Amino acid sequence: MAIADKLAKSRRALTNTARPTDRRDSGGWLAKIAPGVSKFVSKRETPENLWVKDPDTGEMIYRPDLEASLWVTPTGRHMRINAQTRLSFTFDNGEYEALDTPAVPEDPLHFSDGKPYSQRLKAAREASGAKDTMQIGYGKVSDVPCVVLVQDFTFMGGSLGMAAGEAFIAACRYAVERKVPLVAITASGGARMQEGTLSLMQLARTTLAIQELKAAQLPYIVVLTDPTTGGVSASYAMLGDIHLAEPGALICFAGPRVIETTIREKLPEGFQRAEYLVDKGMVDRVVSRAELPEVLGALMSMLMDGKRRQRH
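Now for a quick tour of the structure. The structure displayed is predicted, hence computed values, not measured ones.

Below, the discussion takes up the overall build of the protein chain. When helices and strands are tallied, the protein chain shows 12 helices and 9 strands. Residue burial in the protein chain is summarised as follows: out of 312 residues, 38% are buried. When contacts within the protein chain are restricted to residue pairs at least 6 apart in sequence, long-range pairs at least 24 apart make up 66% of them. Here the protein chain displays about 18,200 Å² of accessible surface, and carbon together with sulfur accounts for 54% of that area.

Following this line, the structure appears as structure tokens:
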């Protein structure tokens, strides 16, 4: 009897032993009370970045509303946008032909500032989905055919390197081939330091490319967005036939903080902003983002009118 009692006791112990690795027996109190209900009350996935903070007021803005307003906040702040978004709302119905940008040698100086330049390029491409800061499109803006070049600040601060320089030259030549105006929408922190002198050479090269447009008597319109600074403002950004700017855009060579530190004086209110530069004659007109396609179309139509008559 003693042996039989021990065997029975062992069987009961094995039967009552929990199986911790079997997830069908887990799930907490809700799974025990009402199996299947947990499917309906489980945590739902929340979209990332559903709300965007207004940089001026600190209030949260519903992202779909911000997208519908072309990334212009209720206070009128024109937020920075990527090149693809810019091209989509600039061209009629968002339809355009994406034009290739030339390939260039990568990391020719084997530069490292604690992190190899090649790795910085790779990270920027993964984050943006673009090869470099410049993107080119061909289509119609307010029914006027044109080439539009967009500089994307989200890609390494829109810095001007060999790839950006080659893209600008290509955009000029695309415009000459198609006999249409070129619109350059700029946004940059300046030259790309990782490319050293090769980056600075693009100032001269892009300036020469603009001469090809002038020789073909084709309009070159620049839209200055926040920020347009450094070597870009010292070259093609200030060589347009007409200069437009988005409200509040910072447009300068050296920023106001650098200037104040150097001269040790307080600068005027709004110094180097688009509205200030209109008063000083450096910018022709400040245009809101929503009005930009219509204004560009009207200007290009007017500037191309004489060219059309020459063809006939």
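Picking up after the structure, the text goes on.
To continue, consider empty space enclosed by the protein. Evaluated as defined, the whole model comprises 1 cavity of 30 Å³ or more. In this structure, the largest cavity occupies an estimated 110 Å³ of space. Taken together, 17 residues make up the lining of the largest cavity; nearest its centre are I81, R86, A187, T225 and D226. Of all the secondary-structure elements, those providing two or more residues to the lining of the largest cavity are α5 (83–90), β5 (144–151), β6 (182–188) and β7 (220–228). The class makeup of the residues in the lining of the largest cavity is 7 nonpolar, 4 polar and 6 charged.

One pass over the full model with this rule turns up 5 aromatic pairs. Relative to Y96, the ring of F91 has its centre 5.3 Å away and its plane inclined at 20 degrees; by these criteria the two rings are stacked. By relative accessible area, which is 2% here, F91 ends up buried. With a centroid separation of 5.5 Å and 70 degrees between ring planes, the pair formed by F271 and Y276 is classed as edge-to-face. When its relative accessible area of 21% is taken as the criterion, Y276 is described as partly exposed. Geometry around F153 places R80 over its ring, the cationic atom sitting 4.5 Å from the centre.

On to the nonpolar core. Ranked by size, the top nonpolar core spans 35 residues in total, and within it I136, F168, L182 and Y220 carry the most contacts. Secondary structure elements with two or more residues in this core: β4 (134–141), β5, α7 (162–178), β6, α8 (196–215), β7 and α11 (274–279). When residues of this core are assigned to their parent elements, the largest contribution, 9 residues, is made by α7. The contacts of L182, once residues within four sequence positions are left out, are V147, L149, A171, C172, A175, L213, P219, Y220 and I221. Counting 20 residues, the second largest nonpolar core, distinct from the first, contains V141, C146, I185 and L296.

Structurally, T228 can be placed in strand β7. Judged by relative accessible area, T228 falls into the buried class, the value being 0%. Residues in contact with T228, not counting those within four places in the same chain, are T186, A187, S188, S233, A237, L250, I251 and C252.

Turning to the pattern of salt bridges, a few remarks are in order. Under the definition given, this model contains 15 salt bridges. Between E177 and R178 there is a salt bridge; the shortest N-O distance is 3.9 Å. Note on E177: relative accessible area 56%, which makes it exposed. Between R289 and E246 there is a salt bridge, and its shortest N-O distance comes to 2.9 Å. Taken together, the residues span a long stretch of sequence, with R289 in the loop between β9 (285–286) and α12 (292–311) and E246 in the loop between β8 (242–245) and α10 (256–263) at a distance of 43 residues. Residues joined by salt bridges that share partners form a network here, namely R80, D226 and R273.

The next subject is the sheet that holds strand β3 (residues 96–99). Pairing between the strands of a sheet comes from backbone hydrogen bonds, and it takes one of two forms, parallel or antiparallel. Strand order in the open sheet made by the 7 strands is β3-β4-β5-β6-β7-β8-β9, with mixed pairing throughout. Each edge of the open sheet carries a strand with a single partner, namely β3 and β9. The pairing of β8 with β9 spans 2 bridges and is classified as parallel. The residue of β9 that forms the bridge with A245 is V286.

What counts, and at which threshold
Residues numbered from 1 in each chain as written. Predicted model: local features only at pLDDT ≥ 70, side-chain atom pairs only at ≥ 80, totals over all residues. Heavy atoms only, no water. Helix = DSSP H or I, 4+ residues; strand = E, 2+ residues; numbered from the N terminus. Buried < 20%, exposed > 50% of the residue type's maximum accessible area, 1.4 Å probe, protein only. Contact = heavy atoms within 4.5 Å. Areas by Shrake-Rupley, 256 points an atom, 1.4 Å probe, with all protein chains shown as cover. 1 Å grid on protein atoms, 1.4 Å probe; cavity = no way out; pocket = protein on both sides within 12 Å on 5 of 7 lines; lining within 4 Å. Points joined across faces, edges and corners; volume = space filled by probe spheres on them. Nonpolar A, V, L, I, M, F, W, Y, C, P; charged D, E, K, R; others polar. Phe/Tyr/Trp six-rings, centres within 6.5 Å; stacked < 30°, edge-to-face > 60°. Lys NZ or Arg CZ within 6 Å of the ring centre and 35° of its normal. Core = buried A, V, L, I, M, F, W, Y, C linked by side-chain atoms within 4.5 Å. Salt bridge = Lys/Arg side-chain N within 4 Å of Asp/Glu carboxyl O. Pairing = 2+ DSSP bridges.

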